[in-house]
Amino acid sequence: MKKFIILSVFFFAISLFGQTKVGSTAAPFLNIGVGPRASAMGGAFVATANDVSSLYWNPAGASRVGTSEAMFTHLSWFADINYNWAGSMLSLEDMGIIGLSVGYLDYGDLEVTTLREPDGTGEFFTPHDMYLALSYAYNLTDRFSIGANVKYINQKIWNSSANGLALDLGVLFLSDIYGLRIGAVISNFGTDMQLDGKDLYVQHDINGQIYGNNDQILAKLNTDSYPLPLTFKVGVAMDVIDIQNHKLTLAVDANHPNDNAESLNLGMEYTIFEILSLRGGYKSLYLDNSEEGLTLGVGLMYDITPTFGLVFNYAYQDFGILDYTQQFAFGIRF
């Protein structure tokens, strides 16, 4: 069974790398990195994935955490756009873990404008994107783990919306070579999305050359459908220093999306006394059309009791001419 799963993921990955199509996709917010810890490491987190944010980065890693966790993260994006994510996972011990997460992208309040009132009607609406994911992860052996997410996705603007379903599949292998870890994940494999709603109804004159006919027939605009941002990632991470009170982790992820060119993410994390973590990385290396780059962050962990702890993380990400973004997260371990 384990060999079948490994081969299935391997051959599916080959088929993805064989595709050269780069085009538009629906729900691009699914590519926004979740969690300041991973974001501060340049998004190179597929092979580390050892906290509750693994539900996003590589669900297979969730089964290696060993505890139940919950986290809320807030990301301040551009143009007063905010992205919030909350996730929790419950350890079932030898039966694996189950998890639930939700992401919500808030564009803020926008004023309704029309052809007659281009400066605004005084009425407001709030467009948003969101997804809800149910996760499961399991350790097939003491070194090999698998995990999956099933996601419902929704995008809404005014009175129109689009819905979709997607699947994430992840694997994680722990070697005995200096803490070397290898991970792979396929994200957002699912249905196309198409806007629908009453905003698409218009009044139409079937034949403008004929006078006296009904020139206000109700018609509906037919919008195009777009695929989800399918992405295949392979990551490698290693604890190059792992001694008492000190740990240094280096990581690299290779990304192959269907809506952009291939790129690399680099990251590092230095943890002192299992309390303070300093992080840095570089995102979208070798990607010519990206403003992403340097990432930095810090994390604090404090165990109140042997079975209950608090976690705070912060990340800064440089976006070139688009300035920068900041992300905060608060979590608990129980």
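Not measured: the values here are computed from a predicted model.

What follows deals with the overall build of the protein chain. Tallying secondary structure elements over the protein chain gives three helices and 21 strands in all. Taken across its 334 residues, the protein chain has 42% of its residues classed as buried. Looking at the protein chain alone, contacts between residues at least 24 apart form 54% of all its contacts between residues at least 6 apart. Within the structure as shown, the protein chain displays about 17,700 Å² of accessible surface, and the carbon and sulfur contribution to it stands at 61%. Where the 17 positive side-chain charges of the protein chain centre and where its 34 negative ones centre are 9 Å apart.

Moving on to the nonpolar core. With 37 residues, the main nonpolar core has F29, Y83, Y131 and I153 as its most contacted residues. Within the residue set of this core, elements represented by two or more residues are α3 (54–57), β1 (69–76), β2 (82–91), β3 (97–106), β6 (128–139) and β8 (160–174). Sequence-distant contacts of I153, defined by excluding residues within four places in its chain, comprise A27, F29, L30, M130, Y131, A162, N163, G164, A166, M193 and L228. Grouped together as the second largest cluster of nonpolar side chains are six residues, F144, V171, L230 and F232 included.

Our focus in this paragraph is the packing of aromatic side chains. Overall, the coordinates contain eight aromatic pairs when judged by the stated rule. A ring pair is formed by Y56 and W57, whose centres lie 5.0 Å apart and whose planes are at 85 degrees; its orientation type is edge-to-face. Both residues of the pair, Y56 and W57, belong to the buried class. Between Y314 and F328 the ring centres are 5.2 Å apart and the planes differ by 50 degrees, which places this aromatic pair in the tilted class. In this pair, Y314 is assigned in strand β20 (residues 308–318) and F328 in strand β21 (residues 324–333), connecting sequence segments 14 residues apart. Ring pairing ties together the aromatic residues F29, Y83 and Y131, which thus form one cluster. The ring of Y131 carries the charged tip of K151 above its face, separated from the ring centre by 5.3 Å.

The sheet contact formed by β6 and strand β7 (residues 144–157) spans twelve bridges and is antiparallel. Along β7, the bridge assignment pairs N139 with S145. The pairing of β7 with β8 spans 14 bridges and is antiparallel. Paired with V150 across the strands is L167, a residue of β8. Hairpin geometry of β7 and β8 is characterised by an intervening segment of two residues between the two adjacent antiparallel strands and by a positive phi of about 55 degrees at W158.

Mean pLDDT over the protein chain stands at 89; residues scoring 70 or higher make up 93%. Considering only residues more than four positions removed or in separate chains, one finds that residues 1–21, a stretch of pLDDT under 50, has 18 contacts.

Let us look at unusual backbone geometry. Of note, the phi angle at W158 is positive, near 55 degrees, even though the residue is not glycine. Looking at where W158 falls in the secondary structure, it is placed in the loop between β7 and β8. One non-glycine residue, E274, adopts positive backbone phi at about 55 degrees. Position of E274 relative to the elements: it lies in the loop between β17 (263–272) and β18 (276–285). E274 sits in the exposed class, given a relative accessible area of 67%.

On to the side chain of S53, then. Considering the arrangement of structural elements, one finds S53 in the loop between α2 (36–40) and α3. Within the local environment of S53, its side chain forms a polar contact with the side chain of D51, the two groups lying 2.5 Å apart. Residues in contact with S53, not counting those within four places in the same chain, are V34, F45, M71 and W85.

So, about the pattern of salt bridges. Inspection of the entire model under this criterion finds eight salt bridges. We note a salt bridge from R37 to E269, for which the minimum N-O separation is 2.9 Å. Here the residue R37 occupies a position in helix α2, and E269 occupies one in strand β17, the gap between them amounting to 232 residues. Given a relative accessible area of 6%, E269 falls into the buried group. Put simply, D303 and R333 hold a salt bridge, and the shortest N to O gap is 2.7 Å. Placement of D303 in strand β19 (residues 294–305) and of R333 in strand β21 is noted, with a sequence separation of 30 residues between them. When salt bridges that share partners are traced, they join R37, D51, E269 and R279 into one network.

What counts as what
- Residues numbered from 1 in each chain as written.
- Predicted model: local features only at pLDDT ≥ 70, side-chain atom pairs only at ≥ 80, totals over all residues.
- Heavy atoms only, no water.
- Helix = DSSP H or I, 4+ residues; strand = E, 2+ residues; numbered from the N terminus.
- Buried < 20%, exposed > 50% of the residue type's maximum accessible area, 1.4 Å probe, protein only.
- Contact = heavy atoms within 4.5 Å.
- Areas by Shrake-Rupley, 256 points an atom, 1.4 Å probe, with all protein chains shown as cover.
- Lys, Arg positive; Asp, Glu negative; His and termini not counted.
- Charge placed at Lys NZ, Arg CZ, Asp CG, Glu CD.
- Core = buried A, V, L, I, M, F, W, Y, C linked by side-chain atoms within 4.5 Å.
- Phe/Tyr/Trp six-rings, centres within 6.5 Å; stacked < 30°, edge-to-face > 60°.
- Lys NZ or Arg CZ within 6 Å of the ring centre and 35° of its normal.
- Pairing = 2+ DSSP bridges.
- pLDDT = per-residue confidence, 0-100.
- Polar contact = N/O pair within 3.5 Å; in protein donor to acceptor, adjacent residues only side chain to side chain.
- Salt bridge = Lys/Arg side-chain N within 4 Å of Asp/Glu carboxyl O.

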